[in-house]
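Notes for the structure review
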Amino acid sequence: MRFFRAGAARYLRGVRAHEKRAVEAVSDLLARARSAPDARSLAEAIGTALGASGCALTVAGERYQWGQGAERWHSRDVEYDGRVQGALAVAPESAGPVESLAEVLGPPLAAVRLAAETDQLRRDGDAAARELVDDRWRATVEMEQERRSLERDLHDGAQHHLVALKMAMALVEHDGSTTAQRIETLQSKLDAAEKALTDTAAGILPIPLSTEGLAAALTAELAEHPDVELDTTGFHRSYPPLVESTMYYACLEAVNNAHKHAPGDSIGVALRDDPRGLEFAVSDDGPGFADAGGNPGLPNLSARMATVGGTIDIRSEPGRGTTITGFVPR
């Protein structure tokens, strides 16, 4: 703080003793400081040396006050290097010549201002770094959610068509249709599977689902399966697109499970809603199993339904078939 000492030397010539004490107190404080001086300590040193009841320094919008200063304050801007560095105020007005003292306080207040601005820049930088990390984390989470969503759509939508194709191939081996008819049937199934894959990759919902709703989409999709009977008489309302698409794919996955584990058996699909919420049930009269928790489709179904606050329940007994129920509360 050599600039302060040089200014103080000029200031001390011809001033009163208590004014000298104020400058000397500030000089001693600066000599002990290893970095930017503490503004509140500066205010205390100045106020004590002047015999003031209160002293305040305002730097970078922050007020550092010592004492009460109940009387009227006398204030003066503190300038250094052609710029206002802060303000000095003492109470009462008779405590000392604030104008003269302010002339030598420029360097210390400039140091205080620079320290405050540096600290603010550091905090802003830390906040920006944390925000960047948060943004990257959110982007990673969203990408993972999208990946899982695409995985579920492929699993529940496209796989449905692939299962149908596999069943059609098995049937043509035993029916009496001509080769041309068999090829035409298989070609139709392949086209449907290809379209499902293309639409899923593009994020496009089936046209009946986006234009006519859940009941129409299930009716159109399950019409090609003579072993599946759909009942939508208990379905009366429309629901948000996310809820309907979730129920659509979950229902198809439940039908796929029935085709896999109960091939050739009858499958019943019921879609219904009531004041409690929206529900589907897929039942088959296949062999069933003892441990429902071991069903490989349950984790995927549960994850899909959880995205809309829904749940999956699976009940099965050996020799008495299986029922998978999906429910989304209102």
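Use the structure listed above.
The text that follows walks through the structure, step by step, so that each part is easy to find. As the structure is a computational prediction, the values presented were derived from the model and not from experiment. (Residues numbered from 1 in each chain as written. Predicted model: local features only at pLDDT ≥ 70, side-chain atom pairs only at ≥ 80, totals over all residues. Heavy atoms only, no water.)

Things to note about the pairing of strand β4 (residues 83-91)
Two elements, strand β1 (residues 54-59) and β4, share five bridges in a ladder whose sense is antiparallel. Pairing of T58 across the sheet is with A87, part of β4. Here strand β3 (residues 74-80) folds back onto β4 in antiparallel fashion, the turn holding two residues, of which D81 has a positive phi close to 55°. (Pairing = 2+ DSSP bridges. Helix = DSSP H or I, 4+ residues; strand = E, 2+ residues; numbered from the N terminus.)

Quick look at the packing of aromatic side chains
All told, the structure shown has two aromatic pairs when counted by the stated rule. Measuring from centroid to centroid gives 5.2 Å for Y248 and Y249, while their planes differ by 75°, and the two rings are edge-to-face. On the accessibility criterion, Y248 (3% relative accessible area) is buried. Using a relative accessible area of 7% as the deciding quantity, one classes Y249 as buried. The ring of W73 has R63 lying over it, and the distance from NZ or CZ to the ring centre is 5.1 Å. (Phe/Tyr/Trp six-rings, centres within 6.5 Å; stacked < 30°, edge-to-face > 60°. Buried < 20%, exposed > 50% of the residue type's maximum accessible area, 1.4 Å probe, protein only. Lys NZ or Arg CZ within 6 Å of the ring centre and 35° of its normal.)

Considering the sheet that holds strand β7 (residues 277-284)
Here we have five strands laid out as an open sheet, ordered β5-β6-β7-β9-β8, and mixed in their pairing. Of all strands in the sheet, those with a lone pairing partner are β5 (228-234) and β8 (311-316), marking the two edges. Within the sheet, the average angular offset between the axes of one strand and its neighbour, ignoring direction, is 15°. In terms of strand pairing, β8 meets strand β9 (residues 322-329) through six bridges, oriented antiparallel. Note on β9: the bridge partner recorded for T311 is F327. Contacting β5, β6 (267-274) and β7, helix α8 (residues 214-222) crosses the sheet at an angle of about 165° to β5. Helix-sheet contacts for helix α9 (residues 241-261) involve β5, β6, β7 and β9, and the interaxial angle to β7 is about 10°. (Axes fitted to C-alpha atoms, helices over the stretch in contact; angles between N-to-C directions. Contact = heavy atoms within 4.5 Å.)

A look at α9
In this model α9 runs 30 Å from its N-terminal to its C-terminal C-alpha over 21 residues, within 8% of the 30 Å that 1.5 Å per residue would give. Of all 21 residues making up α9, 17 are buried, and the element is well covered by its neighbours. (Expected span 1.5 Å × (residues − 1).)

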